[in-house]
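Observations on the model geometry
Listed below, chain by chain, are the residues.
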Amino acid sequence: MKNKKENNFKVVITRKIPDAGINLLQKAGFQLKINPYDRILTKEELKKFVKGADAILSLLTDKIDGEILDAAGPQLKIVANYAVGYDNFNINDFKTRKIYATNTPGVLTETVAEHTIGLIFAIAQKIVEADEFVRQNKFRGWEPMLFLGTDMRNKTLGIVGLGRIGGEVAKRMRDGFGLKIIYFDAIRNKNLEKELGIKYVSFESLLKQSDFISIHVPLTPQTKHLFTLKEFKKMKPTSYIINTSRGAVIKESDLANALKKKIIAGAALDVYEFEPQINPELIKLSNTVLLPHIASASIETRSKMAEMAAKNIINVLNNKKPLNPIF
Ligand code: DGY
(Lines give C-alpha, C1' and ligand atoms only; values in the text may rest on other atoms or scores of the structure.)
Protein backbone atom coordinates (compact mmCIF):
# COMPACT_ATOMS: atom_id res chain seq x y z
CA MET A 1 0.00 0.00 0.00
CA LYS A 2 1.30 3.45 -0.87
CA ASN A 3 3.38 5.34 1.71
CA LYS A 4 2.92 2.76 4.38
CA LYS A 5 5.30 -0.11 5.13
CA GLU A 6 3.58 -3.42 5.65
CA ASN A 7 4.69 -3.73 9.25
CA ASN A 8 3.12 -0.40 10.04
CA PHE A 9 -0.36 -1.63 9.30
CA LYS A 10 -2.51 -1.84 12.36
CA VAL A 11 -4.97 -4.72 12.65
CA VAL A 12 -7.46 -4.79 15.50
CA ILE A 13 -9.19 -8.01 16.56
CA THR A 14 -12.34 -7.40 18.54
CA ARG A 15 -12.04 -10.59 20.60
CA LYS A 16 -9.55 -13.44 20.96
CA ILE A 17 -9.95 -15.92 18.08
CA PRO A 18 -8.07 -19.20 17.42
CA ASP A 19 -4.28 -18.86 17.08
CA ALA A 20 -4.33 -20.07 13.46
CA GLY A 21 -5.62 -16.67 12.33
CA ILE A 22 -3.55 -14.60 14.73
CA ASN A 23 -0.36 -16.42 13.68
CA LEU A 24 -0.98 -15.61 10.01
CA LEU A 25 -1.44 -11.92 10.78
CA GLN A 26 1.65 -11.91 12.97
CA LYS A 27 3.71 -13.59 10.26
CA ALA A 28 2.53 -10.93 7.83
CA GLY A 29 4.22 -8.39 10.09
CA PHE A 30 1.19 -6.33 11.09
CA GLN A 31 0.81 -4.63 14.45
CA LEU A 32 -1.95 -6.51 16.23
CA LYS A 33 -4.23 -5.24 18.93
CA ILE A 34 -6.53 -7.84 20.48
CA ASN A 35 -9.42 -7.05 22.80
CA PRO A 36 -7.91 -7.92 26.20
CA TYR A 37 -11.29 -8.68 27.81
CA ASP A 38 -13.12 -11.96 27.48
CA ARG A 39 -16.33 -10.20 26.53
CA ILE A 40 -18.00 -8.22 23.76
CA LEU A 41 -16.89 -4.57 23.64
CA THR A 42 -19.60 -1.95 24.10
CA LYS A 43 -20.19 0.42 21.20
CA GLU A 44 -18.21 3.19 22.92
CA GLU A 45 -15.35 0.80 23.72
CA LEU A 46 -15.38 -0.49 20.16
CA LYS A 47 -15.18 3.04 18.75
CA LYS A 48 -12.07 3.74 20.82
CA PHE A 49 -10.60 0.31 20.15
CA VAL A 50 -10.73 0.58 16.34
CA LYS A 51 -9.20 4.07 16.15
CA GLY A 52 -6.31 4.13 13.69
CA ALA A 53 -6.95 0.59 12.38
CA ASP A 54 -6.13 -0.32 8.79
CA ALA A 55 -8.11 -3.52 9.21
CA ILE A 56 -10.66 -4.78 11.71
CA LEU A 57 -11.28 -8.45 12.38
CA SER A 58 -14.81 -8.41 13.79
CA LEU A 59 -17.26 -10.88 15.28
CA LEU A 60 -20.96 -11.33 14.59
CA THR A 61 -21.59 -9.74 17.98
CA ASP A 62 -20.05 -6.42 16.83
CA LYS A 63 -22.46 -4.07 15.09
CA ILE A 64 -20.34 -2.47 12.39
CA ASP A 65 -21.91 0.66 10.94
CA GLY A 66 -20.81 4.08 9.71
CA GLU A 67 -20.10 5.26 13.24
CA ILE A 68 -17.59 2.47 13.85
CA LEU A 69 -16.05 2.78 10.37
CA ASP A 70 -15.59 6.53 10.86
CA ALA A 71 -14.22 6.02 14.35
CA ALA A 72 -11.46 3.85 12.82
CA GLY A 73 -10.47 6.65 10.47
CA PRO A 74 -10.00 7.21 6.73
CA GLN A 75 -7.11 4.72 6.53
CA LEU A 76 -9.47 1.79 7.24
CA LYS A 77 -9.53 -0.60 4.29
CA ILE A 78 -11.30 -3.75 5.39
CA VAL A 79 -13.50 -5.28 8.04
CA ALA A 80 -13.23 -9.07 8.00
CA ASN A 81 -16.09 -10.77 9.83
CA TYR A 82 -15.25 -13.98 11.65
CA ALA A 83 -18.60 -15.51 10.54
CA VAL A 84 -20.42 -16.40 7.37
CA GLY A 85 -23.46 -14.34 8.42
CA TYR A 86 -23.00 -10.60 8.19
CA ASP A 87 -26.27 -9.13 9.38
CA ASN A 88 -24.11 -7.25 11.92
CA PHE A 89 -22.73 -5.13 9.04
CA ASN A 90 -24.47 -2.08 7.62
CA ILE A 91 -23.41 -2.85 4.07
CA ASN A 92 -24.51 0.51 2.70
CA ASP A 93 -22.17 2.26 5.11
CA PHE A 94 -19.31 0.12 3.77
CA LYS A 95 -20.24 0.86 0.17
CA THR A 96 -20.43 4.61 0.60
CA ARG A 97 -17.02 4.62 2.30
CA LYS A 98 -15.49 2.13 -0.17
CA ILE A 99 -14.34 -0.19 2.60
CA TYR A 100 -14.13 -3.93 1.96
CA ALA A 101 -16.39 -6.23 3.95
CA THR A 102 -15.64 -9.95 4.01
CA ASN A 103 -17.07 -13.10 5.64
CA THR A 104 -16.12 -16.79 5.99
CA PRO A 105 -18.27 -18.84 3.61
CA GLY A 106 -17.71 -22.54 2.94
CA VAL A 107 -15.39 -23.49 5.79
CA LEU A 108 -18.17 -23.97 8.33
CA THR A 109 -20.74 -25.63 6.07
CA GLU A 110 -20.27 -29.24 7.16
CA THR A 111 -19.83 -28.41 10.83
CA VAL A 112 -23.07 -26.43 10.97
CA ALA A 113 -24.85 -29.17 9.00
CA GLU A 114 -23.64 -31.83 11.45
CA HIS A 115 -24.67 -29.69 14.38
CA THR A 116 -28.12 -29.11 12.88
CA ILE A 117 -28.58 -32.84 12.54
CA GLY A 118 -27.50 -33.25 16.17
CA LEU A 119 -30.24 -30.81 17.15
CA ILE A 120 -32.85 -32.65 15.08
CA PHE A 121 -32.04 -35.88 16.89
CA ALA A 122 -31.83 -34.17 20.27
CA ILE A 123 -35.33 -32.71 20.02
CA ALA A 124 -37.02 -35.64 18.24
CA GLN A 125 -35.66 -38.28 20.57
CA LYS A 126 -35.86 -36.18 23.73
CA ILE A 127 -32.15 -36.67 24.40
CA VAL A 128 -31.61 -33.57 26.51
CA GLU A 129 -34.81 -34.00 28.49
CA ALA A 130 -33.98 -37.64 29.19
CA ASP A 131 -30.42 -36.78 30.21
CA GLU A 132 -31.80 -34.23 32.67
CA PHE A 133 -34.15 -36.88 34.05
CA VAL A 134 -31.27 -39.27 34.74
CA ARG A 135 -29.14 -36.54 36.34
CA GLN A 136 -32.04 -35.66 38.61
CA ASN A 137 -31.95 -39.25 39.86
CA LYS A 138 -35.42 -40.01 38.52
CA PHE A 139 -34.52 -43.18 36.57
CA ARG A 140 -36.28 -46.13 38.23
CA GLY A 141 -35.69 -48.74 35.51
CA TRP A 142 -36.96 -49.44 31.98
CA GLU A 143 -40.49 -48.29 31.33
CA PRO A 144 -42.70 -49.00 28.33
CA MET A 145 -43.79 -45.39 27.92
CA LEU A 146 -40.74 -43.48 29.05
CA PHE A 147 -39.64 -40.60 26.77
CA LEU A 148 -41.26 -41.81 23.59
CA GLY A 149 -39.71 -39.89 20.72
CA THR A 150 -40.17 -40.01 17.00
CA ASP A 151 -38.35 -41.97 14.27
CA MET A 152 -36.54 -40.25 11.41
CA ARG A 153 -37.00 -42.63 8.50
CA ASN A 154 -39.80 -41.85 6.08
CA LYS A 155 -40.43 -38.51 7.75
CA THR A 156 -40.36 -35.27 5.76
CA LEU A 157 -37.69 -32.68 6.37
CA GLY A 158 -38.44 -29.21 5.05
CA ILE A 159 -35.37 -27.10 4.39
CA VAL A 160 -35.96 -23.35 4.35
CA GLY A 161 -33.03 -21.88 2.42
CA LEU A 162 -31.17 -24.32 0.17
CA GLY A 163 -27.73 -22.73 0.33
CA ARG A 164 -24.52 -24.52 1.21
CA ILE A 165 -25.57 -25.52 4.73
CA GLY A 166 -29.18 -26.35 3.84
CA GLY A 167 -27.90 -28.54 1.00
CA GLU A 168 -25.53 -30.47 3.26
CA VAL A 169 -28.26 -31.06 5.85
CA ALA A 170 -30.56 -32.30 3.08
CA LYS A 171 -27.98 -34.69 1.65
CA ARG A 172 -27.03 -36.20 4.99
CA MET A 173 -30.60 -36.59 6.24
CA ARG A 174 -31.72 -38.23 3.01
CA ASP A 175 -28.73 -40.53 2.51
CA GLY A 176 -27.98 -41.25 6.15
CA PHE A 177 -31.42 -41.44 7.71
CA GLY A 178 -33.95 -42.02 4.94
CA LEU A 179 -35.99 -38.83 5.19
CA LYS A 180 -37.90 -37.34 2.30
CA ILE A 181 -36.56 -33.84 1.67
CA ILE A 182 -38.50 -30.85 0.42
CA TYR A 183 -37.28 -27.27 0.32
CA PHE A 184 -38.32 -23.69 -0.13
CA ASP A 185 -36.05 -20.83 -1.13
CA ALA A 186 -36.72 -17.41 -2.61
CA ILE A 187 -34.53 -18.54 -5.50
CA ARG A 188 -35.21 -21.99 -6.89
CA ASN A 189 -32.07 -24.04 -7.62
CA LYS A 190 -33.06 -26.70 -10.16
CA ASN A 191 -29.51 -28.04 -10.54
CA LEU A 192 -29.15 -28.67 -6.82
CA GLU A 193 -32.66 -30.15 -6.73
CA LYS A 194 -31.60 -32.68 -9.34
CA GLU A 195 -28.23 -33.34 -7.76
CA LEU A 196 -29.72 -33.93 -4.33
CA GLY A 197 -32.93 -35.54 -5.57
CA ILE A 198 -35.09 -33.21 -3.53
CA LYS A 199 -38.31 -31.36 -4.26
CA TYR A 200 -39.06 -27.64 -4.38
CA VAL A 201 -42.38 -26.67 -2.78
CA SER A 202 -44.06 -23.38 -1.87
CA PHE A 203 -43.44 -22.04 1.64
CA GLU A 204 -47.07 -22.76 2.52
CA SER A 205 -46.80 -26.33 1.37
CA LEU A 206 -43.50 -26.84 3.21
CA LEU A 207 -45.17 -25.68 6.42
CA LYS A 208 -48.01 -28.15 5.96
CA GLN A 209 -46.00 -31.19 4.84
CA SER A 210 -42.92 -31.13 7.03
CA ASP A 211 -42.31 -33.22 10.14
CA PHE A 212 -39.12 -31.24 10.71
CA ILE A 213 -38.37 -27.74 9.46
CA SER A 214 -34.76 -26.62 9.46
CA ILE A 215 -33.97 -22.96 8.81
CA HIS A 216 -30.91 -21.98 6.75
CA VAL A 217 -31.57 -18.47 5.47
CA PRO A 218 -29.54 -15.35 6.20
CA LEU A 219 -31.23 -12.64 8.26
CA THR A 220 -32.49 -9.93 5.91
CA PRO A 221 -35.51 -7.61 6.01
CA GLN A 222 -37.30 -10.27 3.92
CA THR A 223 -36.51 -13.18 6.27
CA LYS A 224 -37.04 -11.35 9.57
CA HIS A 225 -40.02 -12.97 11.33
CA LEU A 226 -40.56 -15.42 8.49
CA PHE A 227 -41.99 -17.62 11.24
CA THR A 228 -44.76 -16.14 13.40
CA LEU A 229 -47.78 -17.70 15.07
CA LYS A 230 -49.53 -17.67 11.69
CA GLU A 231 -46.89 -19.98 10.21
CA PHE A 232 -46.75 -22.23 13.30
CA LYS A 233 -50.51 -22.72 13.02
CA LYS A 234 -50.03 -24.09 9.51
CA MET A 235 -47.46 -26.66 10.69
CA LYS A 236 -48.37 -30.16 11.88
CA PRO A 237 -48.95 -30.39 15.64
CA THR A 238 -46.38 -33.22 15.65
CA SER A 239 -43.72 -31.17 13.86
CA TYR A 240 -40.47 -29.68 15.07
CA ILE A 241 -38.60 -26.54 14.11
CA ILE A 242 -34.81 -26.28 14.16
CA ASN A 243 -32.92 -23.02 13.78
CA THR A 244 -29.15 -22.69 13.37
CA SER A 245 -29.26 -19.56 11.15
CA ARG A 246 -30.25 -16.32 12.85
CA GLY A 247 -32.70 -15.97 15.71
CA ALA A 248 -34.81 -13.14 14.33
CA VAL A 249 -36.02 -15.31 11.44
CA ILE A 250 -38.42 -16.58 14.11
CA LYS A 251 -40.60 -14.25 16.17
CA GLU A 252 -39.51 -15.75 19.45
CA SER A 253 -42.52 -14.74 21.56
CA ASP A 254 -44.80 -16.41 19.01
CA LEU A 255 -42.70 -19.55 19.08
CA ALA A 256 -42.93 -19.71 22.88
CA ASN A 257 -46.70 -19.36 22.56
CA ALA A 258 -46.93 -22.05 19.89
CA LEU A 259 -44.87 -24.46 21.99
CA LYS A 260 -46.82 -23.75 25.17
CA LYS A 261 -50.11 -24.37 23.41
CA LYS A 262 -48.69 -27.46 21.66
CA ILE A 263 -49.43 -25.94 18.25
CA ILE A 264 -46.15 -27.58 17.23
CA ALA A 265 -44.31 -30.35 19.08
CA GLY A 266 -40.93 -28.80 19.76
CA ALA A 267 -38.07 -26.50 18.84
CA ALA A 268 -34.30 -26.89 18.84
CA LEU A 269 -32.53 -23.56 18.69
CA ASP A 270 -28.93 -22.45 18.49
CA VAL A 271 -29.78 -18.79 17.85
CA TYR A 272 -32.16 -16.24 19.37
CA GLU A 273 -33.97 -13.10 18.34
CA PHE A 274 -32.35 -10.93 21.02
CA GLU A 275 -29.08 -12.74 21.73
CA PRO A 276 -27.85 -13.33 24.35
CA GLN A 277 -31.32 -12.87 25.87
CA ILE A 278 -33.63 -15.83 25.46
CA ASN A 279 -37.37 -15.64 25.92
CA PRO A 280 -37.83 -16.97 29.50
CA GLU A 281 -40.84 -19.04 28.41
CA LEU A 282 -38.60 -21.08 26.10
CA ILE A 283 -36.31 -21.89 29.00
CA LYS A 284 -39.20 -23.15 31.13
CA LEU A 285 -40.53 -25.48 28.45
CA SER A 286 -39.48 -29.13 28.20
CA ASN A 287 -40.14 -29.35 24.44
CA THR A 288 -37.14 -27.18 23.58
CA VAL A 289 -33.43 -27.79 23.16
CA LEU A 290 -31.49 -24.55 23.59
CA LEU A 291 -27.84 -24.03 22.70
CA PRO A 292 -25.62 -20.94 22.96
CA HIS A 293 -24.97 -20.20 19.25
CA ILE A 294 -22.33 -22.89 18.80
CA ALA A 295 -23.26 -24.59 15.52
CA SER A 296 -19.89 -23.77 13.92
CA ALA A 297 -17.94 -24.36 17.11
CA SER A 298 -15.56 -27.19 16.27
CA ILE A 299 -11.85 -26.64 16.86
CA GLU A 300 -11.11 -27.34 13.19
CA THR A 301 -13.78 -25.06 11.77
CA ARG A 302 -13.19 -22.13 14.08
CA SER A 303 -9.48 -22.31 13.15
CA LYS A 304 -10.36 -22.28 9.45
CA MET A 305 -12.67 -19.31 9.98
CA ALA A 306 -9.87 -17.46 11.76
CA GLU A 307 -7.46 -18.23 8.92
CA MET A 308 -9.95 -17.12 6.30
CA ALA A 309 -10.64 -13.81 8.03
CA ALA A 310 -6.89 -13.25 8.41
CA LYS A 311 -6.21 -14.05 4.74
CA ASN A 312 -8.82 -11.53 3.64
CA ILE A 313 -7.01 -8.87 5.66
CA ILE A 314 -3.57 -9.91 4.39
CA ASN A 315 -4.75 -9.71 0.79
CA VAL A 316 -6.30 -6.27 1.14
CA LEU A 317 -3.36 -4.80 3.06
CA ASN A 318 -1.13 -6.13 0.29
CA ASN A 319 -3.17 -4.30 -2.30
CA LYS A 320 -4.91 -7.43 -3.56
CA LYS A 321 -8.61 -8.23 -3.77
CA PRO A 322 -10.08 -9.95 -0.72
CA LEU A 323 -10.87 -13.67 -1.08
CA ASN A 324 -14.42 -13.39 0.22
CA PRO A 325 -15.86 -9.99 -0.55
CA ILE A 326 -19.48 -9.55 0.52
CA PHE A 327 -20.22 -7.08 -2.27
C1 DGY B 1 -21.85 -17.64 11.34
O2 DGY B 1 -20.71 -17.85 10.91
O3 DGY B 1 -22.61 -16.83 10.82
C4 DGY B 1 -22.29 -18.44 12.52
O5 DGY B 1 -23.51 -18.01 13.02
C6 DGY B 1 -21.26 -18.45 13.62
O7 DGY B 1 -20.23 -19.20 13.25
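How each quantity is defined
Residues numbered from 1 in each chain as written. Predicted model: local features only at pLDDT ≥ 70, side-chain atom pairs only at ≥ 80, totals over all residues. Heavy atoms only, no water. Core = buried A, V, L, I, M, F, W, Y, C linked by side-chain atoms within 4.5 Å. Buried < 20%, exposed > 50% of the residue type's maximum accessible area, 1.4 Å probe, protein only. Helix = DSSP H or I, 4+ residues; strand = E, 2+ residues; numbered from the N terminus. Domains from an automatic or database assignment. Contact = heavy atoms within 4.5 Å. Buried area = accessible area lost by both parts, 1.4 Å probe. Salt bridge = Lys/Arg side-chain N within 4 Å of Asp/Glu carboxyl O. Polar contact = N/O pair within 3.5 Å; in protein donor to acceptor, adjacent residues only side chain to side chain. Nonpolar A, V, L, I, M, F, W, Y, C, P; charged D, E, K, R; others polar. Axes fitted to C-alpha atoms, helices over the stretch in contact; angles between N-to-C directions. Parallel < 35°, antiparallel > 145°, perpendicular 65-115°, else oblique. Left-handed = near helix turned anticlockwise from the far one by under 90°. Pairing = 2+ DSSP bridges. Near = heavy atom within 4 Å. Areas by Shrake-Rupley, 256 points an atom, 1.4 Å probe, with all protein chains shown as cover.

Attention shifts here to the nonpolar core. Counting 52 residues, the largest nonpolar core has L25, F30, L157, M173, F212 and I313 as its most contacted members. The greatest single-element share of this core, amounting to nine residues, is contributed by helix α5 (residues 109-124). When residues are assigned to domains, this core turns out to be shared by domain 1 (10-105 + 299-317) and domain 2 (109-290), each giving three or more. L25 has contacts with V11, I13, F30, L32, L57, A310, I313 and I314, leaving out every residue within four places of it along the chain. Judged by nonpolar contacts, the second largest core, of 28 residues, contains V160, L226, L259 and L282.

This next bit is on the domain arrangement of the protein chain. As assigned here, the protein chain comprises domain 1 (10-105 + 299-317) and domain 2 (109-290). Facing the six residues of domain 1 at the interface are four residues of domain 2. For the pairing of domain 1 and domain 2, the buried interface totals around 480 Å² over both sides, and the portion due to carbon and sulfur atoms is 48%. Interface area lost by domain 1 to domain 2 is led by D87, P105 and T301, which between them contribute 67%. Counting across the domain 1 and domain 2 interface gives one salt bridge. The residue R246 makes a salt bridge to D87 at a minimum N-O spacing of 2.9 Å. The interface formed by domain 1 and domain 2 includes two residue pairs in polar contact (both at pLDDT 80 or more). For the side of domain 1 that touches domain 2, the residue count by class is three nonpolar, two polar and one charged.

Taken N-terminus to C-terminus, the directions of α5 and helix α7 (residues 164-177) make an angle of 55 degrees; their axes are 8 Å apart at the nearest point. Considered as vectors, α5 and α7 are oriented oblique to each other. Crossing hand, α5 versus α7: right-handed. Here T109, E110, V112, A113, E114, T116, I117, I120 and F121 of α5 lie close against α7, whose contacting residues are R164, I165, E168, V169, R172, M173 and F177. Partitioned by chemical class, the residues of the contact of α5 with α7 number nine nonpolar, two polar and five charged.

Pairing within the open sheet is parallel, and its seven strands lie in the order β8-β7-β6-β9-β10-β11-β12. At either end of the open sheet lies a strand with only one pairing partner, and these are β8 (199-200) and β12 (288-290). In terms of strand pairing, strand β6 (residues 156-160) meets strand β9 (residues 212-215) through four bridges, oriented parallel. What sits directly across from V160, in β9, is I215. Helix α11 (residues 252-260) contacts β10 (240-243), β11 (266-269) and β12 of the sheet and is inclined by roughly 140 degrees relative to β11.

Taken together, the residues surrounding the ligand are L60, A83, V84, G85, L108, R246, H293, S296 and M305. A distance of 2.7 Å is found between an oxygen atom of the ligand and a backbone nitrogen or oxygen belonging to V84. Notes on the ligand: free accessible area 230 Å², of which the protein chains cover 91%. Counted by class, the shell around the ligand contains five nonpolar, three polar and one charged residues.

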